[in-house]
Amino acid sequence: MKNNPTICAVIGYPIGHSMSPAVHNAGYEELGLNYSYKALEFQSSLLAINEMKKRNYRGYSVTIPHKVSIMQYLKKINSVALDIGAVNTIVNENGILNGYNTDFIGAIRSIKEVITLKDKKAVILGAGGAARAIGFGLKNEGVELLIQNRTVEKAKLLASSLSCNYSGINPNLIKNYDIIINTTPIGMYPNEDMSIINDIPKGCVVQDIVYNPLETKLLRIAKKKGCKTISGIGMFLYQAVEQFKLFTGREAPIEKMKQVILEELS
Ligand code: NAP
């Protein structure tokens with residue numbers, strides 16, 4: 001008889017339609033792993049942790065609203081996740097629960113596919129959870145940062161943790177930057193006709209972490225200016241790829257997982 005599969009899950013509230021089960025399960029199938037991945041809705045982080053221990057789940061992908069509150073229940077948290085102040089991944093090592101953050105890895109890997117980061121300057125538009133993860137990732141790479149946010153006080157707070165400059169959203173201040181990253185939901189379905197900025201300097205690289213639609217208005221404007229662009233699926237794909245490795249110990253079948261993301265989005 002076939003052994004019971006090792007179970008992983010994405011946890012959140014509400015969990016809605018998450019692409020993660022389709023993406024991870026396709027990866028397991030591709031490699032013939034006896035793993036299964038599902039979506040679980042929990043209102044409280046503690047309930048999610050208790051369930052993980054009770055059912056001996058191998059891994060959790062953690063999403064809103066648990067990324068910060070769940071940290072108190074973990075035995076070990078890796079240093080970058082501690083700096084970021086949020087985990088998006090939990091691995092259950094025989095009852096010991098360890099936390100990681102793969103969001104920043106996903107964002108940085110997708111940027112590095114297009115541009116080297118040495119001696120570069122980047123503007124992050126937004127100062128929420130994703131901005132924080134990407135900010136720490138870029139800081140680790142030695143990138144000079146400017147945080148711009150609608151609520152300037154929040155830009156100031158994030159900039160003080162990153163020891164960098166900040167301002168409100170202001171396209172006039174970003175002219176000499178190499179990389180521009182939108183981490184706000186502006187441009188996301190159903191508001192596809194919106195862009196956080198409309199004036200983009202020529203020659204820079206523009207990343208939008210919104211992935212629905214795949215090509216946001218910001219990216220269309222950037223392309224017209226001759227800029228290289230990075231869509232939001234890169235960050236999503238590579239954070240999942242890193243989780244796959246943490247959960248299974250195997251290299252993820254990247255092309256298969258990417259194909260599933262594109263299918264899900266279409
Ligand atoms: P968050 O913590 O709630 O932060 C949202 C940020 O967007 C804040 O800085 C907020 O500014 C700004 N913002 C929201 N509405 C705005 C508006 N109307 N005008 C200007 N600024 C606005 O959210 P998050 O977790 O960082 O996620 C942000 C976006 O990234 C979401 O769309 C999410 O789906 C996407 N995301 C994508 C990936 C991926 O893998 N591609 C991963 C994570 C997140 P204030 O401070 O002024 O409120």
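What comes next concerns the included structure. (Residues numbered from 1 in each chain as written. Predicted model: local features only at pLDDT ≥ 70, side-chain atom pairs only at ≥ 80, totals over all residues. Heavy atoms only, no water.)

### Comments concerning helix H4 (residues 103–112)
Here comes step 1: The buried fraction of H4 amounts to seven of the ten residues, a majority that puts the element mostly inside the structure.
Here comes step 2: Here H4 has its buried residues at Asp103, Phe104, Gly106, Ala107, Ile108, Ser110 and Ile111.
Here comes step 3: In the core, the buried residues of H4 are packed alongside helix H3 (79–84), helix H5 (129–140), strand S10 (179–182), strand S11 (205–208), strand S12 (228–230) and helix H8 (233–248). (Buried < 20%, exposed > 50% of the residue type's maximum accessible area, 1.4 Å probe, protein only. Helix = DSSP H or I, 4+ residues; strand = E, 2+ residues; numbered from the N terminus. Contact = heavy atoms within 4.5 Å.)

### A closer look at the packing of H5 against helix H6 (residues 152–162)
To characterise two packed helices, one gives the angle between the axes of the helices and the distance between these axes.
Here comes step 1: It is at 10 Å that the axes of H5 and H6 come closest, and there the two elements cross at 30°. What the angle tells us is that H5 and H6 run roughly parallel. For the element pair H5 and H6, the recorded crossing hand is right-handed. Within the contact between the two elements, H5 uses Ala131, Arg132, Gly135, Phe136 and Lys139 and H6 uses Leu158, Ser161 and Leu162.
Here comes step 2: For the contact of H5 with H6, the class distribution of residues is four nonpolar, two polar and two charged. (Axes fitted to C-alpha atoms, helices over the stretch in contact; angles between N-to-C directions. Parallel < 35°, antiparallel > 145°, perpendicular 65-115°, else oblique. Left-handed = near helix turned anticlockwise from the far one by under 90°. Nonpolar A, V, L, I, M, F, W, Y, C, P; charged D, E, K, R; others polar.)

### Structural notes on the site of the ligand
Here comes step 1: The full set close to the ligand counts 20 residues, and Ala127, Ala130, Asn149, Thr151 and Ile209 are the nearest of them.
Here comes step 2: At a separation of 2.8 Å, an oxygen atom of the ligand approaches a polar backbone atom of alanine 130.
Here comes step 3: One nitrogen or oxygen atom from the side chain of lysine 154 is found 3.2 Å from an oxygen atom belonging to the ligand.
Here comes step 4: Protein burial of the ligand: of its 920 Å² of free accessible surface, 73% is covered by the chains.
Here comes step 5: With respect to the pocket detection grid, the ligand is positioned in the second largest pocket.
Here comes step 6: Only H5 and H8 provide two or more residues apiece to the shell around the ligand.
Here comes step 7: Residues that form the shell around the ligand fall into these classes: ten nonpolar, eight polar and two charged. (Near = heavy atom within 4 Å. Polar contact = N/O pair within 3.5 Å; in protein donor to acceptor, adjacent residues only side chain to side chain. Areas by Shrake-Rupley, 256 points an atom, 1.4 Å probe, with all protein chains shown as cover. 1 Å grid on protein atoms, 1.4 Å probe; cavity = no way out; pocket = protein on both sides within 12 Å on 5 of 7 lines; lining within 4 Å. Sits in = over half its atoms within 2 Å of the grid points.)

### What about the nonpolar core?
Here comes step 1: One finds Leu138 and Ile147 to be the most contacted residues of the largest nonpolar core, which totals 31 residues.
Here comes step 2: Elements represented by at least two residues in this core include exactly H3, H4, strand S7 (121–125), H5, strand S8 (144–148), H6 and S10.
Here comes step 3: Setting aside residues up to four positions removed in sequence, isoleucine 147 forms contacts with Ile124, Gly126, Ala127, Ala155, Leu158, Ala159, Leu162, Cys164, Asn165, Tyr166 and Ser167.
Here comes step 4: In terms of nonpolar packing, the next biggest core, distinct from the first, is built from 23 residues, Cys8, Met19, Phe236 and Phe244 among them. (Core = buried A, V, L, I, M, F, W, Y, C linked by side-chain atoms within 4.5 Å.)

### Some details on the sheet that holds S12
Hydrogen bonds between backbone groups are what pair the strands of a sheet, and the pairing can be parallel or antiparallel.
Here comes step 1: Overall, parallel pairing links the six strands, which are arranged S9-S8-S7-S10-S11-S12 in an open sheet. Looking along the sheet, the strands with just one partner apiece sit at the ends: strand S9 (165–167) and S12. Shown here is a sheet whose adjacent strand axes are inclined to one another by a mean of 20°, direction ignored.
Here comes step 2: Across three bridges, the pairing between S11 and S12 is parallel. Note on S12: the bridge partner recorded for valine 206 is threonine 229.
Here comes step 3: Against the sheet, H6 makes contact with S8 and S9, and its axis sits at roughly 175° relative to S9, the strand it touches most.
Here comes step 4: The sheet strands contacting helix H7 (residues 217–224) are S10, S11 and S12, and the helix crosses S11 at an angle near 165°. (Pairing = 2+ DSSP bridges.)

### Regarding the packing of aromatic side chains
Here comes step 1: Applying the stated criterion to the full structure yields four aromatic pairs.
Here comes step 2: Measuring from ring centre to ring centre gives 5.5 Å for tyrosine 211 and phenylalanine 236, while their planes differ by 55°; the resulting arrangement is tilted. Here the residue tyrosine 211 occupies a position in the loop between S11 and H7, and phenylalanine 236 occupies one in helix H8, the gap between them amounting to 25 residues.
Here comes step 3: You can call phenylalanine 236 buried: its relative accessible area is 13%.
Here comes step 4: Linked through ring pairs, Tyr28, Tyr35 and Phe244 together constitute an aromatic cluster. (Phe/Tyr/Trp six-rings, centres within 6.5 Å; stacked < 30°, edge-to-face > 60°.)

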